[in-house]
Amino acid sequence: VWVEHRDVLLAAVADPAGLDAETLSPWGHSTTDAFLPMAGGDAVVHTWDLAEALGQEPVIEAPLAEAALRAWSDAAAAGSPIRHSPIRVSRTTGP
(Lines give C-alpha, C1' and ligand atoms only; values in the text may rest on other atoms or scores of the structure.)
Protein backbone atom coordinates (compact mmCIF):
# COMPACT_ATOMS: atom_id res chain seq x y z
CA VAL A 1 0.00 0.00 0.00
CA TRP A 2 2.82 2.44 0.90
CA VAL A 3 4.46 1.87 -2.49
CA GLU A 4 1.19 2.65 -4.30
CA HIS A 5 0.69 5.84 -2.31
CA ARG A 6 4.32 6.84 -2.82
CA ASP A 7 3.99 6.40 -6.57
CA VAL A 8 0.80 8.48 -6.72
CA LEU A 9 2.37 11.28 -4.65
CA LEU A 10 5.60 11.27 -6.68
CA ALA A 11 3.62 11.49 -9.92
CA ALA A 12 1.60 14.39 -8.50
CA VAL A 13 4.63 16.43 -7.51
CA ALA A 14 6.29 15.78 -10.86
CA ASP A 15 3.46 17.74 -12.50
CA PRO A 16 2.81 21.16 -10.92
CA ALA A 17 -0.85 20.94 -11.96
CA GLY A 18 -1.06 17.70 -9.99
CA LEU A 19 -0.53 19.58 -6.73
CA ASP A 20 -3.89 21.30 -7.22
CA ALA A 21 -5.68 18.03 -7.96
CA GLU A 22 -8.20 16.82 -5.42
CA THR A 23 -7.27 13.62 -3.67
CA LEU A 24 -8.99 11.37 -1.17
CA SER A 25 -6.98 10.83 1.98
CA PRO A 26 -7.80 8.93 5.16
CA TRP A 27 -8.94 12.31 6.53
CA GLY A 28 -11.23 13.24 3.64
CA HIS A 29 -10.87 15.16 0.39
CA SER A 30 -8.10 17.73 -0.06
CA THR A 31 -5.65 18.94 -2.65
CA THR A 32 -2.50 16.90 -3.15
CA ASP A 33 -0.48 19.92 -1.98
CA ALA A 34 -2.38 20.00 1.33
CA PHE A 35 -2.14 16.24 1.75
CA LEU A 36 1.64 15.89 1.26
CA PRO A 37 2.64 17.29 4.69
CA MET A 38 0.02 15.08 6.34
CA ALA A 39 1.38 11.99 4.57
CA GLY A 40 4.87 12.84 5.76
CA GLY A 41 3.64 13.46 9.29
CA ASP A 42 1.80 10.15 9.25
CA ALA A 43 5.01 8.33 8.33
CA VAL A 44 6.80 10.00 11.25
CA VAL A 45 4.07 9.02 13.71
CA HIS A 46 4.09 5.41 12.55
CA THR A 47 7.89 5.26 12.58
CA TRP A 48 7.68 6.12 16.27
CA ASP A 49 4.84 3.74 17.15
CA LEU A 50 6.35 0.80 15.25
CA ALA A 51 9.72 1.32 16.94
CA GLU A 52 8.01 1.43 20.34
CA ALA A 53 5.96 -1.68 19.55
CA LEU A 54 9.12 -3.55 18.57
CA GLY A 55 10.98 -2.43 21.67
CA GLN A 56 13.36 -0.20 19.72
CA GLU A 57 14.43 3.34 20.47
CA PRO A 58 12.64 5.62 17.96
CA VAL A 59 15.15 7.74 16.06
CA ILE A 60 13.44 10.77 14.56
CA GLU A 61 15.55 13.85 14.05
CA ALA A 62 14.20 17.05 15.58
CA PRO A 63 13.61 18.94 12.28
CA LEU A 64 11.55 16.04 10.92
CA ALA A 65 9.54 15.72 14.15
CA GLU A 66 8.94 19.49 14.18
CA ALA A 67 7.78 19.43 10.55
CA ALA A 68 5.38 16.58 11.29
CA LEU A 69 3.97 18.38 14.33
CA ARG A 70 3.57 21.56 12.29
CA ALA A 71 1.73 19.64 9.51
CA TRP A 72 -0.70 18.05 11.94
CA SER A 73 -1.22 21.31 13.85
CA ASP A 74 -1.83 23.24 10.62
CA ALA A 75 -4.33 20.60 9.47
CA ALA A 76 -6.22 20.77 12.76
CA ALA A 77 -6.29 24.58 12.62
CA ALA A 78 -7.64 24.42 9.06
CA GLY A 79 -10.58 22.31 10.17
CA SER A 80 -9.26 18.83 9.44
CA PRO A 81 -11.43 16.03 10.80
CA ILE A 82 -8.40 14.98 12.86
CA ARG A 83 -9.30 15.81 16.43
CA HIS A 84 -6.72 14.79 18.97
CA SER A 85 -5.70 16.38 22.21
CA PRO A 86 -2.27 18.00 22.20
CA ILE A 87 0.53 15.61 23.02
CA ARG A 88 3.26 16.97 25.22
CA VAL A 89 6.53 15.19 24.63
CA SER A 90 9.83 15.59 26.40
CA ARG A 91 12.94 13.48 26.64
CA THR A 92 11.56 12.04 29.90
CA THR A 93 8.12 11.19 28.50
CA GLY A 94 7.55 7.47 28.26
CA PRO A 95 5.06 5.42 26.26
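Everything numeric here is computed off the predicted structure, so don't read it as measured data.

(A) Representation of the overall build of the protein chain within the structure. Scanning the protein chain from terminus to terminus reveals three helices and two strands. Across the protein chain, helices and strands are ordered from the amino to the carboxyl terminus as α-β-β-α-α. The buried share of the protein chain, reckoned over its 95 residues, is 21%. In the protein chain, the share of contacts with a sequence separation of at least 24, taken over all contacts with a separation of at least 6, comes to 33%. Summed over its atoms, the accessible surface of the protein chain is roughly 7,300 Å², and 61% of this surface lies on carbon and sulfur atoms.

(B) A look at the nonpolar core. The biggest cluster of nonpolar side chains holds six residues, and these are Leu9, Phe35, Met38, Ala39, Trp72 and Ala75. Counting residues per element, the ones that place at least two in this core are helix H2 (32-53) and helix H3 (62-77). Residue contributions to this core peak at three residues, all from H2.

(C) Inspection of the packing of H2 against H3 at higher detail. For the pair H2 and H3, the least separation of the axes is 8 Å and the interaxial angle reads 125 degrees. Classified by the angle their axes make, H2 and H3 are oblique. Of the two elements, H2 crosses H3, and the hand of that crossing is left-handed. Contacts from Pro37, Met38, Gly41, Asp42, Val44 and Val45 of H2 reach H3 at Leu64, Ala68, Ala71, Trp72 and Ala75. Split into classes, the residues belonging to the contact of H2 with H3 amount to nine nonpolar, one polar and one charged.

(D) Representation of the pairing of strand E1 (residues 22-25) within the structure. Burial of E1 is one-sided: the residues Thr23 and Ser25 facing one way are buried, the residues Glu22 and Leu24 facing the other way are not. Pairing analysis gives four bridges linking E1 to strand E2 (residues 28-31), with the strands arranged antiparallel. If you follow Thr23 over to E2, its bridge partner there is Ser30.

(E) Quick peek at the confidence of the model for the protein chain. Of the residues in the protein chain, 78% have a pLDDT of 70 or more, and the chain-wide mean is 76. Within the protein chain, the lowest mean pLDDT, 77, falls on helix H1 (residues 2-14), and the highest, 83, falls on H2.

What counts and what doesn't
Residues numbered from 1 in each chain as written. Predicted model: local features only at pLDDT ≥ 70, side-chain atom pairs only at ≥ 80, totals over all residues. Heavy atoms only, no water. Helix = DSSP H or I, 4+ residues; strand = E, 2+ residues; numbered from the N terminus. Buried < 20%, exposed > 50% of the residue type's maximum accessible area, 1.4 Å probe, protein only. Contact = heavy atoms within 4.5 Å. Areas by Shrake-Rupley, 256 points an atom, 1.4 Å probe, with all protein chains shown as cover. Core = buried A, V, L, I, M, F, W, Y, C linked by side-chain atoms within 4.5 Å. Axes fitted to C-alpha atoms, helices over the stretch in contact; angles between N-to-C directions. Parallel < 35°, antiparallel > 145°, perpendicular 65-115°, else oblique. Left-handed = near helix turned anticlockwise from the far one by under 90°. Nonpolar A, V, L, I, M, F, W, Y, C, P; charged D, E, K, R; others polar. Pairing = 2+ DSSP bridges. pLDDT = per-residue confidence, 0-100.

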